[in-house]
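Structure assessment
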Amino acid sequence: MRKWIFVMAVSLLPLMSIVSQETFSSFYFKEPQPVDNKSTKKFPKKIQGAYYKFNDSIVQIVIDSDSIYTSFAIVMPISNKEIKKAPSFYKKDSLFFGIKKDLGIPYKEINDTTYAFLVQRDLFFKIDSINVLKKLGDDYFINERKANGYYSTTRIHKRDSVLEIYEIDPSTENFPIKALKYFSSEKINEINTYIAFPPNKEFKEFIDLSGFVDTTRYHL
């Protein structure tokens, strides 16, 4: 197994490492990115809204002023015979009651079956004192601090009515780790992990070389 070789130019400079042949499947940034840009307190109105996932309109992502939520619908088929037998089930004002306490949910009736749609909403990201939003050009970067103290960074780009969310996957064949001179490696939970701390110039090059490669697309 090849060993990592670290070169220290001066004591104040970060470690610059030579990429080994080991397999890495985890990646974090040491600080919120882009590191030289100030944090942004809220998402601007031009990017706020509810977006549907391409080819799967049941999945939705909602961007508020300070938060991002994901939502999806669980479809629950119930036969009309079962509805008649259960007094807790009833329909009122175009909503179906009896699944969530005192709350009606959307439904659609097809032949002898009622399809109730239970919408689940989960917090994806919220701006606060440790989870940071930054902007670079037309891109927004959400930086979420993990339990290990490092940051998971996601790139968000909106073009017309299309919202694209880019994530990092260090296991891809052409992952551009060589674009980052400032990084180290360590094992976190027995997983080989890159820890990067690039200046803005390197971070931009990392973006240009498709460092954020895992893309999910949504539309208004």
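Residues numbered from 1 in each chain as written. Predicted model: local features only at pLDDT ≥ 70, side-chain atom pairs only at ≥ 80, totals over all residues. Heavy atoms only, no water.

1. Structural notes on the sheet that holds strand E10 (residues 103-105)
Pairing in this open sheet of three strands is antiparallel, and the strands run E8-E9-E10 from one edge to the other. The two strands at the open ends of the sheet, each matched to only one other strand, are strand E8 (90-92) and E10. For this sheet, the mean inter-axis angle between neighbouring strands, taken without regard to orientation, is 50 degrees. Sheet analysis places strand E9 (residues 95-100) next to E10, joined by two bridges and oriented antiparallel. What sits directly across from Lys100, in E10, is Leu103. (Pairing = 2+ DSSP bridges. Helix = DSSP H or I, 4+ residues; strand = E, 2+ residues; numbered from the N terminus. Axes fitted to C-alpha atoms, helices over the stretch in contact; angles between N-to-C directions.)

2. Some remarks on the layout of surface pockets
If you add up the space inside the second largest pocket, you get close to 220 Å³. Elements represented by at least two residues in the lining of the second largest pocket include exactly strand E3 (26-29), strand E12 (113-126), strand E14 (139-145), strand E15 (151-159) and strand E16 (162-168). Counting residues per element, the lining of the second largest pocket draws most heavily on E15, which supplies four residues. Grouping the constituent residues of the lining of the second largest pocket by class yields nine nonpolar, three polar and three charged. (1 Å grid on protein atoms, 1.4 Å probe; cavity = no way out; pocket = protein on both sides within 12 Å on 5 of 7 lines; lining within 4 Å. Points joined across faces, edges and corners; volume = space filled by probe spheres on them. Nonpolar A, V, L, I, M, F, W, Y, C, P; charged D, E, K, R; others polar.)

3. Describing the environment of Tyr115
Within the secondary structure, Tyr115 is located in strand E12. Residues Tyr115 and Val75, spaced 40 residues apart in sequence, show a C-alpha to C-alpha distance of 6.3 Å. The contact partners of Tyr115, leaving out residues within four places of it in the chain, are Val75, Met76, Pro77, Pro106, Tyr107, Lys108 and Ile110. (Contact = heavy atoms within 4.5 Å.)

4. Remarks on the pattern of salt bridges
Summed over all chains, the structure comprises seven salt bridges. Of the charged contacts in the structure, one is a salt bridge between Glu164 and Arg217, with a shortest N-O distance of 3.5 Å. Here Glu164 is found in strand E16, whereas its partner Arg217 is found in strand E19 (residues 212-219), with 53 residues between them in sequence. One salt-bridge network, held together by shared partners, links Arg159, Glu164 and Arg217. (Salt bridge = Lys/Arg side-chain N within 4 Å of Asp/Glu carboxyl O.)

5. A closer look at the side chain of Asn143
Looking at the element boundaries, Asn143 is found in strand E14. Classification of Asn143 as buried rests on a relative accessible area of 0%. A polar contact is formed between the side chain of Asn143 and the backbone nitrogen of Gln33, at a distance of 2.8 Å. Beyond its immediate chain neighbours, meaning those up to four positions away, Asn143 contacts Pro32, Gln33, Phe125, Ile130, Asn131, Val132, Lys134, Tyr151, Ser152 and Thr153. (Buried < 20%, exposed > 50% of the residue type's maximum accessible area, 1.4 Å probe, protein only. Polar contact = N/O pair within 3.5 Å; in protein donor to acceptor, adjacent residues only side chain to side chain.)

6. Digging into the nonpolar core
In globular proteins that are soluble, nonpolar side chains generally tend to be buried together. Formed by 16 residues in total, the largest nonpolar core has its most connected members in Phe27, Phe29, Phe206 and Phe212. Sort the elements by how many residues they give to this core and helix H2 (residues 200-208) lands first, with three residues. Discounting chain neighbours no more than four positions away, the residues touching Phe27 are Ile168, Pro170, Phe175, Ile177, Leu180, Thr193, Tyr194, Ala196 and Phe206. Residues Phe43, Ile63, Ile156 and Ile165 belong to the second largest nonpolar core, which totals 15 residues. (Core = buried A, V, L, I, M, F, W, Y, C linked by side-chain atoms within 4.5 Å.)

7. Quick word on a nonpolar patch on the surface
On the surface, a cluster of nonpolar side chains totalling about 290 Å² of accessible area is made up of Ile58, Phe72, Ile74 and Val75. The dominant element in the nonpolar patch, judged by the number of residues it contributes, is strand E7 (residues 67-79), at three residues. Its place among the elements puts Ile58 in strand E6 (residues 56-63). Looking at Ile58, the relative accessible area reads 41%, which means it is partly exposed. (Patch = residues over 30% accessible without salt bridge, like charges linked within 9 Å, V, L, I, M, F, W, Y side chains within 5 Å. Areas by Shrake-Rupley, 256 points an atom, 1.4 Å probe, with all protein chains shown as cover.)

8. As for unusual backbone geometry
In the segment running from Gln33 into Pro34, the intervening peptide bond is cis, with an omega of -10 degrees. Positionally, Pro34 belongs in the loop between E3 and strand E4 (39-40). Positive phi is not limited to glycine here, since Asp160 has a value of about 55 degrees. The residue Asp160 is located in the loop between E15 and E16 in this model. Of note in this structure, Ser210 is not a glycine but carries a positive phi near 65 degrees. Mapped onto the secondary structure, Ser210 falls in the loop between H2 and E19.

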